[in-house]
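# Topology and contacts: notes
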Amino acid sequence: MHVTRRKRGAPPPAAPRLLQAVVTVVLRRRGVLLAVPLLYLSAIVFLAGKWGLDGASPAVVVGITAAFRRRPPPAPGSVYKSSQVFEKLWPMMEADSNHTNALMTAWQRNSGQKWQSCISKRVNNTGLPPSNGYLIIEANGGLNQQRISICDAVAVAGLLNATLVIPMFHLNSVWRDASKFGDIFDEDYFIESLKNHVRVVKVLPEDLLEKFDHNLSSITNMRTRAFSSKSYYLQKVLPTLLELGAVRIAPFSNRLAHTVVPRMQRLRCLANFEALRFSEPIRLLAQKMVDRMVMKGNALSGGKYVSVHLRFEEDMVAFSCCKYDGGIKEEAEMEKARERGWKGKFHRNGRVISPEANRRGGKCPLTPLEVGMMLRGMGFDNRTMLYVASGKIYNAKKYMAPLRQLFPLLETKETLASADELAPFKRHSSRLAALDYTMCLHSEVFVTTQGGNFPHFLMGHRRYLYGGHAKSIKPDKRKLVLFLDNPNIRWDRFKRQMQDMLRHSDAKGYGLRKPNDSLYNFPMPDCMCKQPNG
């Protein structure tokens, strides 16, 4: 290849001289608008001169300039534009009075069948044979993860004809709640409700404790696979139980298959929907909060209210790896939160994180603003009583302000209960979650925004209480982000799309459990029976 070299003392080529002249002009004028195109042009000329492309073909020059072109615009729904959409739609929301409050008309769907609890009729009350030994389990996670462990343990104890020891709660590094079973649930009521079906004791008997030197860790831990079958427990766990008189399974989270024999399913139903009730301090305060909410809404909506499970805490936003409109400061805060909570997990080799793809895929937590816009579009007006169930909202001053603007009658734990009433619950996330759970359970409409065990259990519990209908809104976030992507969308079109979403949630309110579904979310037909029409 022939390369032309500049001789010593020869003047520099034209490209570097032109670049120097352009930069001088830019620095003198300090014009930002002028600087960008000039620097772009000079860079092309400079590279052409530097690489000896003075005589290059047009195709080569085009290839160079392509490197400087802007990336194509992101796919619809990739970028958070909800604030812009709200700014455009807000005047029309305020002016719109052409609808009735959806709180009174949300649920129109009729399954054609009425469902009702029938656990007591299905569970065998013929008495219990002698116990095969003691089952000790360790429940981990938050409030509703613990519920899964407790109810599954009741079913396994029934299968093995074992005596269940009141479950121990593992101190979770995320939840950081040292509460014991009796702090959250009513122990005596739990034992009494199950006495004809599964033996439950608070502690191991003294002679057995002596056998294991008063150290529960000395008891054989049967490390059980996730979603284990009935056969696994009978073939692997039962022989050890019969031999030693006690076995331990820790952790015991999701250690039983969704589909097991009917008797085990009925024990799950009995444990979750009947035997597990919150401890007296939680029940008393939760009932006061419900009564206060109903009283506030009596004049406007006959005491009905909407509850929203809002997942916009700092750890949830950080874990999602989604971007909102907080700019560089917010991104830096989220990066610190990820490192603090998960220590390098998000920077492992080969891990690709795409906030745009996450948003399009419906994986991003909805902001309070997005929840508010969705509900207003569905027809819930500014006279709607709204209860927000959540932990500490990230940057609450900024993100909660538009939701309060949309729904002035907004309440939380902190507004319905006094500081003195909440004092015993502070620093106990599971007890606070139990207050939220009760408030959401008794609302006319429940809105889930991010998934997880809280809405999973709550929607099932609502189906159990309300004749099989969850009376819950579960938005399709992949569709929602598309409607929130266009700042020029018309209010009437936005409303039409949101009301379609409400109708879809209404239609999905009823549902029979399928083989891979959880009974805790779909209690029909295992825990409920069809009632005759008429």
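- As recorded by an unreviewed UniProt entry, the protein chain carries the name O-fucosyltransferase family protein and is attributed to Rhynchospora pubera.
- The record held by UniProt for the protein chain lists under Sequence similarities (unreviewed entry) the comment "Belongs to the glycosyltransferase GT106 family."

## Topic: the pairing of strand β10 (residues 445-448)
- Burial along β10 is two-sided: Val445 and Val447 and Phe446 and Thr448, pointing in opposite directions, are all buried.
- As judged from the 4 bridges shared by strand β7 (residues 306-309) and β10, these two strands associate in the parallel manner. From the neighbouring strand, Ser307 faces β10, where its bridge partner is Phe446.
- Here β10 runs beside strand β11 (residues 472-473); their pairing, made up of 2 bridges, is parallel. Residue pairing for β11: Phe446 is matched across the bridge by Ser472.
- Handedness of the β-α-β unit built from β10, helix α22 (residues 453-465) and β11 comes out right-handed.

## Overview of the nonpolar core
- One finds Leu135, Leu160, Phe185, Phe190, Tyr233 and Leu435 to be the most contacted residues of the largest nonpolar core, which totals 84 residues.
- Examining the composition of this core, we find that 11 residues originate from one element, helix α6 (residues 143-160), more than from any other.
- Apart from the residues lying within four places of it in its own chain, the contact partners of Leu435 are Ile282, Leu285, Ala286, Met289, Lys413, Leu422 and Phe425.
- Counting 51 residues, the second-largest nonpolar core is a separate cluster that includes Ala337, Leu366, Leu375 and Leu484.

## Some thoughts on the state of the cysteines
- By the definition in use, this model includes 3 disulfides.
- What pairs with Cys118 in a disulfide is Cys529, and their sulfur atoms sit 1.9 Å apart. The disulfide joining Cys118 to Cys529 has a torsion of about 80° about its S-S bond and is therefore right-handed. Taken as a pair, Cys118 in the loop between β1 (114-117) and α5 (119-122) and Cys529 in strand β12 (residues 528-531) lie far apart in primary sequence, 411 residues in all.

Rules and cut-offs
- Residues numbered from 1 in each chain as written.
- Predicted model: local features only at pLDDT ≥ 70, side-chain atom pairs only at ≥ 80, totals over all residues.
- Heavy atoms only, no water.
- UniProt positions renumbered as here; feature names shortened; annotations may be inferred.
- Buried < 20%, exposed > 50% of the residue type's maximum accessible area, 1.4 Å probe, protein only.
- Helix = DSSP H or I, 4+ residues; strand = E, 2+ residues; numbered from the N terminus.
- Pairing = 2+ DSSP bridges.
- Right-handed = clockwise from strand over helix to strand, strands pointing away.
- Core = buried A, V, L, I, M, F, W, Y, C linked by side-chain atoms within 4.5 Å.
- Contact = heavy atoms within 4.5 Å.
- Disulfide = S-S within 2.5 Å.

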